[in-house]
Amino acid sequence: MTAAKPAKSLVVLPTYNERENIEPILSAILAQSADIDVLVVDDNSPDGTGQIVDHLARAEPRLHVLHRSEKRGLGTAYIGGFCWALERDYEYIFEMDADFSHDPADLLRLRGVLLSGEADASVGSRWVAGGGTRNWSFLRTFISRGGSVYARLILGVPVKDLTSGFKCFSRRVLERLDLQTVGSNGYAFQVEMNFRCHRQGFRVAEVPITFVDRRVGKSKMGSHIVTEAMLVVLKLRLRELLGWRSQSETPPSAAKYSKIP
């Protein structure tokens, strides 16, 4: 009796000016498991990140590139990557940063709670026991943690780290979330995806991670990203109060959330 073939997984990796990080992060991701592929979504990086990935992909069949003509935001990059994955035979789809703030070694832990049947999606969480940050200022910690508390209280989504950008989704989750109607970017995108999972009643597990400030380059977080997130939270809540329903969505059921060691 032969062992079951592992379900194929895809890491969606948006990039913009990541030439210093891109080769080592791709090597680290691909080293985690032979059934994990990577899709780099590059927004026409002026530093040539996309061309570097093109060169690497010629020798690595598990590496793919989606070129976009201009910088259009993190949320649209992830949506483009998710749709690309759904057009192919991937069962588990990750999202993560390209700057080593997310540790590739945590990928299998995020996927593991889906493979075991404990959850439908997972979040790499900084704000549960065992999680945390490294090299962060007090202000950045306050903004990130405070933003999650603000969104959780207004939207009623029981995820402690609503703004985390390190996630794993099962295919059936993304098929149900009406991706083409997601219009948020930055932190707001992460909040909206958690909110949509909650509306659908999917089980979301928070897996503790340590978020490390980027090794090379400048952080892309700005005040406009924080402002957008706050406004999107209010918009989502208003739609909820007005009885908004996307055509492909069903009324929310009792979603379950858990902390996974």
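Residues numbered from 1 in each chain as written. Predicted model: local features only at pLDDT ≥ 70, side-chain atom pairs only at ≥ 80, totals over all residues. Heavy atoms only, no water.

Q: How would you summarise the packing of helix H3 (residues 74–86) against helix H7 (residues 186–200) if you had to cite specific residues and measurements?
A: Direction vectors running N to C along H3 and H7 enclose 45°, while the axes themselves pass 7 Å from each other. Comparing the axis directions of H3 and H7 gives the class oblique. Contacts between H3 and H7 involve Leu74, Gly75, Tyr78, Ile79 and Phe82 from the former and Gly186, Phe189, Gln190 and Met193 from the latter. (Axes fitted to C-alpha atoms, helices over the stretch in contact; angles between N-to-C directions. Helix = DSSP H or I, 4+ residues; strand = E, 2+ residues; numbered from the N terminus. Parallel < 35°, antiparallel > 145°, perpendicular 65-115°, else oblique. Contact = heavy atoms within 4.5 Å.)

Q: Residues and numbers for the confidence of the model for the protein chain, please.
A: With 83% of its residues at a pLDDT of at least 70, the protein chain reaches an overall mean of 86. A low-confidence stretch, residues 246–258 stays under pLDDT 50, and its non-local contacts, those more than four residues away or across chains, total 38 contacts. (pLDDT = per-residue confidence, 0-100.)

Q: Could you give an account of empty space enclosed by the protein, naming the residues involved and the relevant values?
A: Scanning all chains against the criterion turns up 1 cavity of 30 Å³ or more. Volume-wise, the largest cavity comes out at about 30 Å³. Taken together, Ala121, Ser122, Val123, Lys167, Phe169, Asn194, Cys197 and Val204 make up the full set of residues lining the largest cavity. If one sorts the elements of the lining of the largest cavity by residue count, strand S5 (residues 121–125) sits on top with 3 residues. Its residues assigned to classes, the lining of the largest cavity shows 5 nonpolar, 2 polar and 1 charged. (1 Å grid on protein atoms, 1.4 Å probe; cavity = no way out; pocket = protein on both sides within 12 Å on 5 of 7 lines; lining within 4 Å. Points joined across faces, edges and corners; volume = space filled by probe spheres on them. Nonpolar A, V, L, I, M, F, W, Y, C, P; charged D, E, K, R; others polar.)

Q: Describe in detail the environment of Asn17, supporting the description with residues and values.
A: By the secondary structure assignment, Asn17 is in the loop between strand S1 (9–15) and helix H1 (19–30). For Asn17, a relative accessible area of 29% translates into the label partly exposed. Apart from residues no more than four positions distant in its own chain, Asn17 is found in contact with Ser45, Pro46, Asp47 and Thr49. Within the local environment of Asn17, its side chain forms a polar contact with the backbone nitrogen of Asp47, the two atoms lying 3.1 Å apart. (Buried < 20%, exposed > 50% of the residue type's maximum accessible area, 1.4 Å probe, protein only. Polar contact = N/O pair within 3.5 Å; in protein donor to acceptor, adjacent residues only side chain to side chain.)

Q: Break down the pairing of strand S2 (residues 36–42) for me, with residues and values.
A: Most of S2 sits inside the fold, with 7 of its 7 residues counted as buried. Every second residue of S2 is oriented toward a common face, with Ile36, Val38, Val40 and Asp42 on one face and Asp37, Leu39 and Val41 on the other, all of them buried. Sheet topology note: the S1/S2 ladder contains 7 bridges and is parallel. Looking at the pairing, Leu10 lines up with Asp37 of S2. Crossover connection from S1 via H1 to parallel S2: handedness right-handed. Strand direction decides the pairing type here: S2 and strand S3 (residues 63–67), joined by 5 bridges, are parallel. When the sheet's bridge partners are listed, Val40 is paired in S3 with Val65. In terms of handedness, the path from S2 via helix H2 (residues 49–57) over to S3 forms a crossover that is right-handed. (Pairing = 2+ DSSP bridges. Right-handed = clockwise from strand over helix to strand, strands pointing away.)

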